[in-house]
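Below are the chains, spelled out letter by letter.
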There are 2 protein chains.
Amino acid sequence: MTRGRILDAAEALLVEQGTGAFTLSAVAERAGVSKGGLLYHFKSKEALVQALVERLVSEFDAAIESHFEGSYARAYVNATFEIVAGDPAVTGRRWAVVTAAATDAGMSEPLRVAFRRWHTHPDSGDEVTSQLVRLAAEGVWEVCHMAPGTYDAQRLAELRQRLLDLI
Amino acid sequence: MTRGRILDAAEALLVEQGTGAFTLSAVAERAGVSKGGLLYHFKSKEALVQALVERLVSEFDAAIESHFEGSYARAYVNATFEIVAGDPAVTGRRWAVVTAAATDAGMSEPLRVAFRRWHTHPDSGDEVTSQLVRLAAEGVWEVCHMAPGTYDAQRLAELRQRLLDLI
DNA sequence: TTCGCTGTACCGACCGGACGGTACAGTCAT
DNA sequence: ATGACTGTACCGTCCGGTCGGTACAGCGAA
């Protein structure tokens, strides 16, 4: 589907070159579509970013759900580490979208809603512990994107296990 | 000092309105200088962002140092929570600078170096625990900026105590 | 003391180019 | 042949950066 290809291209561009290279023509070219074609699917740059945000949020929600087995925090950790331990380009997508949405306060509103939901979601067990674990997972995500290579695979596995043990 | 005022204006603009409003003229106007005056102090937009990054990194390093009393992770937590519990505009500065630097891979290189240093810094006690605690602090920072109001003052205090207890 | 000179701080008009967005003609599967 | 979709030429705006200039403080020589 063309729409999905455009979204992929936008993310890839953002991950590899940053927001400065995130222009409509560049996205279109990367997606193998003309600028007109891009604008047919997303009627403005803002609409494109919104779609990026929506996809990111729903994909992560789906990842949590697929890892769920009684504990939200556990699912959060497993979903996060599965992504972070994989392709760096995939890890970077979250930040890429966040930075793109940072152009305007209105654009990051849906992200704000999602973050609040992710971190206040009720959970079995102790609430503070559950929140703490999710926060650490968030930190892992951030550091793995900002400074890839900080943790090797083994350290990542240790961190993950330690987090799961806390719950 | 004019230079400092410009840096402050740039951060405030970024925090309040996002990267879209971060233009040389807007920063200049906010700082009460002309565009020419701004460019006298920072010879390009990139130079301005670099200065923003440098100030951010050195200020946080100083905050860690001032809280240090034997444990790096403890100092990291205390420095982070002190900032996060304060003015939201100050909390937002970190992200503001990060998003500004996200325009270009080269611009965020110094940030990458700083993040790696912050999260691989040797510490007393168990290394994995120390890293975990720092990651959670990073998560607190992120969530408090992305979704302010997620935690009230009491919950913030509980999270902080729990983190300190882990060390 | 005043004259010329230098360096620092700052100003604001202006330019080239890039960007988001529009218009519209074309194309191709059904 | 119609409607979903694509390609391209083009437009107006805005942005980063340049540049010629002003103001003024200091300073050494005559």
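Remember, predicted model here, so these are calculated numbers, not experimental data. (Residues numbered from 1 in each chain as written. Chains lettered and ligands numbered in written order. Predicted model: local features only at pLDDT ≥ 70, side-chain atom pairs only at ≥ 80, totals over all residues.)

Quick word on the protein's contact with DNA strand D
And then number 1: Around DNA strand D, 16 residues are found, and the nearest of them are S34 and G36 of chain A together with T23, S44 and K45 of chain B.
And then number 2: Those elements giving two or more residues to the surface near DNA strand D turn out to be helix 3 (35-41) of chain A together with helix 2 (24-31), helix 3 (35-41) and helix 4 (45-67) of chain B.
And then number 3: For the surface near DNA strand D, the element with the most residues is helix 3 of chain A, which contributes 4 residues.
And then number 4: Classifying every residue of the surface near DNA strand D gives 4 nonpolar, 8 polar and 4 charged. (Near = placed C-beta within 6 Å. Helix = DSSP H or I, 4+ residues; strand = E, 2+ residues; numbered from the N terminus. Nonpolar A, V, L, I, M, F, W, Y, C, P; charged D, E, K, R; others polar.)

Observations concerning the environment of V15 of chain B
Residue and element names in this part refer to chain B.
And then number 1: On the secondary structure map, V15 appears in helix 1 (residues 2-17).
And then number 2: Accessibility expressed as a C-beta count within 10 Å gives 21 for V15, which makes it buried.
And then number 3: Each C-alpha atom of the pair V15 and V90 lies 8.8 Å from the other, and the pair is 75 residues apart in sequence.
And then number 4: With near-sequence residues (within four places) excluded, V15 lies in contact with A89, G92, R93 and A96. (Buried ≥ 20, exposed ≤ 12 C-beta atoms within 10 Å, placed from the backbone. Contact = placed C-beta atoms within 7 Å.)

Considerations on the protein's contact with DNA strand C
And then number 1: By nearness alone, 18 residues border DNA strand C, and T23 and K45 of chain A together with S34, G36 and G37 of chain B come closest of all.
And then number 2: At the level of elements, helix 2 (24-31), helix 3 and helix 4 (45-67) of chain A together with helix 3 of chain B are the ones that each hand at least two residues to the surface near DNA strand C.
And then number 3: Among the elements that take part in the surface near DNA strand C, helix 3 of chain B stands out by supplying 6 residues, more than any other.
And then number 4: Here the residues of the surface near DNA strand C are counted per class, giving 5 nonpolar, 9 polar and 4 charged.

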